[in-house]
Protein chains: 2
Amino acid sequence: MPSRGVTVGESAETPWDADPSENLRVRPGFRLADVDTGSTPGYEGGKQRAVAALAEGAAVFDSLQEKLFANSRLGDERKILLVLQAMDTAGKGGILRHVVGAVDPQGVQITAFKKPTPEELTHDFLWRVRPHTTDAGMIGVFDRSHYEDVLIGRVRELAPAAEIERRYDAINAFERELVADNTTIIKVMLHLGADEQKKRLQDRLARPEKHWKFNPGDIDERLLLPKYHEAYQVVFDRTSTPDAPWFVIPADKKWFARLAVQQLLIHALQGMSLSWPVADFDIEHEKARLAAS
Amino acid sequence: MPSRGVTVGESAETPWDADPSENLRVRPGFRLADVDTGSTPGYEGGKQRAVAALAEGAAVFDSLQEKLFANSRLGDERKILLVLQAMDTAGKGGILRHVVGAVDPQGVQITAFKKPTPEELTHDFLWRVRPHTTDAGMIGVFDRSHYEDVLIGRVRELAPAAEIERRYDAINAFERELVADNTTIIKVMLHLGADEQKKRLQDRLARPEKHWKFNPGDIDERLLLPKYHEAYQVVFDRTSTPDAPWFVIPADKKWFARLAVQQLLIHALQGMSLSWPVADFDIEHEKARLAAS
């Protein structure tokens, strides 16, 4: 497995001087307010090098993903779930396109969680999430997630305070289930600065081919940014667990956020010590049958 | 929209001298037995040019797909469903990876239909298919499909003859529903020659990193190739309709099959006359709100 330029500690060429899977992890005492959204923690390489590293990392990620998928065909139940949370324009779409999009689409399960439907609202908040948990061998991605129910849910008081309060424990219990079901959970918040968000929304308004990405509600949400940041802080305090950690990624620089998320995925896959699965059939016997066919 | 080298009739540089969406379409009187699996009908460019054309086409396909997706955000219900059928090793996986994989994964819905589960078998054969029909704005792909129920279903007599017979009309009715629901259906059979299949299976057996793709059942199916071809012929006779046509693509040359399927998708999208959707909000008002935020 080539690791040039993308794996910490294995090559003098790596642009990282701290592993994002440690360095960007939310730990007890973490304060969102202390994060500089324009920073690139642990990374010293600049944009040009990051773009090259992303391309190199794509090949590494692709190869690891194929092994994960291959092993699932022979009964390995392991899978990865990437939970992506962010305010509008923070770059979730770019992560999906440029990081996740680098691997075989057959091995990816993306679920975009929108505003709940009336039917979904008649059920517990996890009801609509459970059918979309990741299958064995797959890279699952939640584009927004059950965390919306304690983010917009909290900020806009869409449920009684006691119900919101209950949900943190329910989320932890749900994620424990997933971990017990061989899921490696990576929870990512892309943390975008208010000024950079303004620029990106201005850009969407300025370009007709971007208008479809704009929703007037995006500005309404923007006006509530401080309240969202408070809600995220509670999320981190209550739901960043050793088995299902949160990572807060400064997102003003798209190239940094993409490279960091890619590195989190590669790190998780490398931790699985994947090898090609051993044939469960008699190879010579099958060669003979094929020759005779 | 750049069309250099990939769009028939719009550029002197196109390597096609016949549009695959016409040339490879199954019409009344079509005989599968007459197809040369090693041929490249309508294409004169050779492999090197095809690889370049595939890369150029990927950019065209990507841009069209984004427009399809964008329009769905503003209520356009159109979607595409690519049905992929083929014998083992014919190259479905390569189509998914190299053709479909070129566009934003957020706009793609792939469903791989495996051997039915016991629960699925207690229902009508379409029961498990319906939940996976394509959403508005998406490119759906069925990796195998409801056609398995009249292919392996017929060859291995997995259902009574009368039930198999009934299914062709049921499929046509089902696909009429999808078309009425704004689905452009493209049904593709990748047609691989027996000799080329033997080579590809030998390759899988020879390489440990390919063993996971091999199943002894692949040789059992291979021994039934003539019966499968008969079953495909019935499928074409009974289910290639003007609104949901079949395309038979010679598949001994992977580069040809990929380029042809890409061209079918591009042709379908171009036929939709997609443009960027017009904003349904007051742009100047939103600019002012944003500036004040």
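Model, not experiment: these values are computed from the prediction.

(A) Up close: the pairing of strand 1 (residues 79-86) of chain A. Residues and elements named next belong to chain A. Most of strand 1 sits out of view: eight of its eight residues are buried. Burial along strand 1 is two-sided: the face carrying Lys-79, Leu-81, Val-83 and Gln-85 and the face carrying Ile-80, Leu-82, Leu-84 and Ala-86 are both buried. Pairing between strand 1 and strand 3 (residues 139-143): five bridges, direction parallel. Bridge assignment links Leu-81 to a residue of strand 3, and that residue is Gly-140.

(B) Up close: the UniProt feature "domain: Polyphosphate kinase-2-related" (unreviewed entry) in chain A. Residues annotated by UniProt as "domain: Polyphosphate kinase-2-related" (unreviewed entry) correspond here to residues 74-272 of chain A. In the segment residues 74-272 of chain A, helix accounts for 44% and strand for 16%; the C-alpha atoms at its two ends are 16 Å apart.

(C) Layout of the sheet that holds strand 5 (residues 246-250) of chain A. Residue and element names in this part refer to chain A. Taking strand neighbours across the sheet as the criterion, the five strands line up as 2-3-1-4-5 in an open arrangement whose pairing is parallel. The open sheet has two free edges, formed respectively by strand 2 (108-112) and strand 5, since each of these has just one partner strand. Across the sheet, the mean angle from the axis of one strand to that of its neighbour is 20°, orientation sign disregarded. Relative to the sheet, helix 3 (residues 92-99) contacts strand 1, strand 2, strand 3 and strand 4 (183-191), its axis offset from that of strand 1 by approximately 145°.

(D) Broad picture of the packing of aromatic side chains. Applying the stated rule across the entire model yields 22 aromatic pairs over all chains. When the centroid spacing of 4.9 Å and the interplanar angle of 55° are considered together, the rings of Phe214(A) and Phe281(B) count as tilted. Here Phe214(A), found in the loop between helix 7 (194-206) and helix 8 (216-222), pairs with Phe281(B), found in the loop between helix 10 (254-270) and helix 11 (283-292), and the two come from separate chains. Judged by its relative accessible area of 5%, Phe214(A) falls in the buried class. For the pair Phe236(A) and Trp246(A), a centre-to-centre distance of 5.4 Å together with 70° between the ring planes defines the contact as edge-to-face. Residue Phe236(A) is located in helix 9 (residues 225-239), and its partner Trp246(A) is located in strand 5; the two are separated by ten residues in the primary sequence. Of the two residues examined, Phe236(A) and Trp246(A), each falls in the buried class. A connected cluster of aromatic rings, assembled from ring pairs, spans Phe30(A), Tyr147(A), Tyr232(A), Phe236(A) and Trp246(A). Over the ring of Phe69(A) we find Arg73(A), and its NZ or CZ is 4.3 Å from the ring centre. Positioned over the ring face of Phe125(A) is Arg167(A), at 5.0 Å from the centre of the ring.

(E) The pattern of salt bridges, seen in detail. Taken as a whole and assessed by the stated rule, the structure comprises 46 salt bridges over all chains. In this structure, the salt-bridge partner of Glu163(A) is Arg166(A), at a minimum N-O distance of 2.9 Å. Taken as a pair, Glu163(A) and Arg166(A) lie in helix 6 (residues 161-180) at a separation of three residues, close to a single helical turn. Salt-bridge contacts for Asp220(B) lead to Arg289(A); the nearest nitrogen and oxygen are separated by 2.2 Å. Here the residue Asp220(B) occupies a position in helix 8 (residues 216-222), and Arg289(A) occupies one in helix 11 (residues 283-292), the pair thus bridging two chains. Taking relative accessible area as the criterion, Asp220(B) reaches 33% and is therefore assigned partly exposed. A relative accessible area of 23% means that Arg289(A) is categorised as partly exposed. When salt bridges that share partners are traced, they join Asp124(A), Glu163(A), Arg166(A) and Arg167(A) into one network.

Thresholds applied
Residues numbered from 1 in each chain as written. Chains lettered and ligands numbered in written order. Predicted model: local features only at pLDDT ≥ 70, side-chain atom pairs only at ≥ 80, totals over all residues. Heavy atoms only, no water. Buried < 20%, exposed > 50% of the residue type's maximum accessible area, 1.4 Å probe, protein only. Helix = DSSP H or I, 4+ residues; strand = E, 2+ residues; numbered from the N terminus. Pairing = 2+ DSSP bridges. UniProt positions renumbered as here; feature names shortened; annotations may be inferred. Axes fitted to C-alpha atoms, helices over the stretch in contact; angles between N-to-C directions. Contact = heavy atoms within 4.5 Å. Phe/Tyr/Trp six-rings, centres within 6.5 Å; stacked < 30°, edge-to-face > 60°. Lys NZ or Arg CZ within 6 Å of the ring centre and 35° of its normal. Salt bridge = Lys/Arg side-chain N within 4 Å of Asp/Glu carboxyl O.

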